[in-house]
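# Observations on chain architecture
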Amino acid sequence: MGYKYHCLNPISEVGIQNFTEEYVPSSAEKADAILVRSAAMHDMEFGKELKAIARAGAGVNNIPLDRCAEEGIVVFNTPGANANGVKELVIAGMLLASRDIIGGINWVQENEEDGNIAKDAEKAKKAFAGCELEGKKLGVIGLGAIGVLVANAATNLGMDVYGFDPYVSVDSAWRLSRSIRHAKTVDEIYRDCDYISIHVPAMESTKGMMDKNAIDLMKKDVVVLNFARNVLVDEEAMVDALIGGKVKHYVTDFPTPEIAGVKGAIVIPHLGASTEESEDNCAKMAVKEIRNFLEHGNIRHSVNYPDCDMGYRGENTRIVLLHHNVPNMIGQFTRILAKDNMNIADMTNKSKGGYAYTMIDIDSEVPDGVADDLRAVSHVLRVRVIR
Ligand SMILES: NC(=O)c1ccc[n+]([C@@H]2O[C@H](COP(=O)([O-])OP(=O)(O)OC[C@H]3O[C@@H](n4cnc5c(N)ncnc54)[C@H](O)[C@@H]3O)[C@@H](O)[C@H]2O)c1
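Residues numbered from 1 in each chain as written. Predicted model: local features only at pLDDT ≥ 70, side-chain atom pairs only at ≥ 80, totals over all residues. Heavy atoms only, no water.

On to the sheet that holds strand S10 (residues 222-226), then. The seven strands are arranged S8-S7-S6-S9-S10-S11-S12 in an open sheet whose pairing can be described as parallel. Bordering the open sheet on either side are strand S8 (181-182) and strand S12 (265-267), each of which pairs with just one other strand. Here five bridges tie strand S6 (residues 137-141) to strand S7 (residues 160-164), and the two strands are oriented parallel to one another. Among the inter-strand pairings, Val-140 is bridged to a residue of S7, identified as Gly-163. Helix-sheet contacts for helix H10 (residues 235-244) involve S10, strand S11 (247-252) and S12, and the interaxial angle to S11 is about 135°. (Pairing = 2+ DSSP bridges. Helix = DSSP H or I, 4+ residues; strand = E, 2+ residues; numbered from the N terminus. Contact = heavy atoms within 4.5 Å. Axes fitted to C-alpha atoms, helices over the stretch in contact; angles between N-to-C directions.)

Given below as structure tokens:
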């Protein structure tokens, strides 16, 4: 059985190549899966074959998630696929804040006509001297996909790294270098570190978390790095701290009229994930998610349905059902299967908000008509029988 896919935006060829010959490009109306970057999908009507939308990137506000859930379309994103790109820019940010590389380069440009530039540089350079990262204390707030990479890379640069994340995942904990110290409170990071890098998501609980009180706790001449989201930091307090000389540098990937041009602010135009590799990684991950879902029914990194994974399908027939998260669904499914004497080899059910997903492996024949019987159950949104 073949599958059709459609790319609403240009998607890296490196990812598309991971589709097998079973997959052919098609129009959006006929596609089983759509790949998208930033195209607006809110006003789109979806074809009846559409089963999955994969956003090559993290943000999904261009996609109508609730409508998709209701139409039995699973929406995926690619969290962490650009983590390495962001990590490398954070390291660059620490270096830019430690040595006056920008001031030095500007000096060379201003003196490009100087025939004696080599000699004059030797005199001028003391104005641009700085310090090294080795031996300095770095505090990383948020040890997810990006925070872990930043912490590990900084350890390899000889920094003394402290991490704070009260909700750290098992996966992140496994990936974290053993030499990273565990801060029990975020205040420990604020109080003790020379460099502080924030890598938490923007949520109600984190917005403005780095406020005046937090900055007051920090050491004089601290360097703060924000490659996460600008709303995490109280910008007014940060501007005051830069002007007052408490914070030496605020390195941010988020230009705003308030911060651009302030003394000590190193402002980058949101370049964290702007690398070829990040785009390739997002595309590879999006294609992998689509294939895993269409061929095996597994859901990994969905934003509107629960993640649910029964591994490789093997010889079994797999029945997957998208439905509302209401009581007594599984009982109704198993009664239908029992009626036709089908043997369930394995089964799982997961829910997320108002929606749920059930996967059932059958190791005997699945008669025609079973899918229609399952579809007729109230609150079922989509049924697929994967053979
Ligand atoms: N600059 C860019 O271009 C760019 C690119 C990608 C992601 N980002 C941003 O980087 C940030 C991190 O992304 P990620 O992919 O590593 O996310 P992630 O979800 O993998 O990790 C976030 C971590 O923050 C932790 N956390 C949540 N609340 C916390 C709190 N109050 N204190 C401490 N830790 C807390 C979570 O437990 C999690 O481990 C996000 O804000 C994301 O939007 C920026």
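Once you've had a look at it, read on.
Pairing is antiparallel across the open sheet formed by four strands, whose spatial order is S14-S15-S13-S16. If you trace the sheet from one side to the other, it starts and ends with strand S14 (344-352) and strand S16 (380-386), each paired once. Neighbour-to-neighbour, the strand axes of this sheet turn through a mean angle of 10°, independent of strand direction. Sheet strands in contact with helix H11 (residues 276-296) are strand S13 (317-324), strand S15 (355-362) and S16, and its direction is about 80° off that of S16.

Structurally, Leu-242 can be placed in helix H10. C-alpha of Leu-242 to C-alpha of Asp-221: the two residues are 21 residues apart in sequence and 9.2 Å apart in space. What Leu-242 contacts, discounting residues up to four positions off in sequence, is Val-247, Lys-248, His-249, Tyr-250, Ile-259, Val-262, Lys-263, Gly-264 and Ala-265.

Without other data, these values stay purely geometric and don't point to any function.
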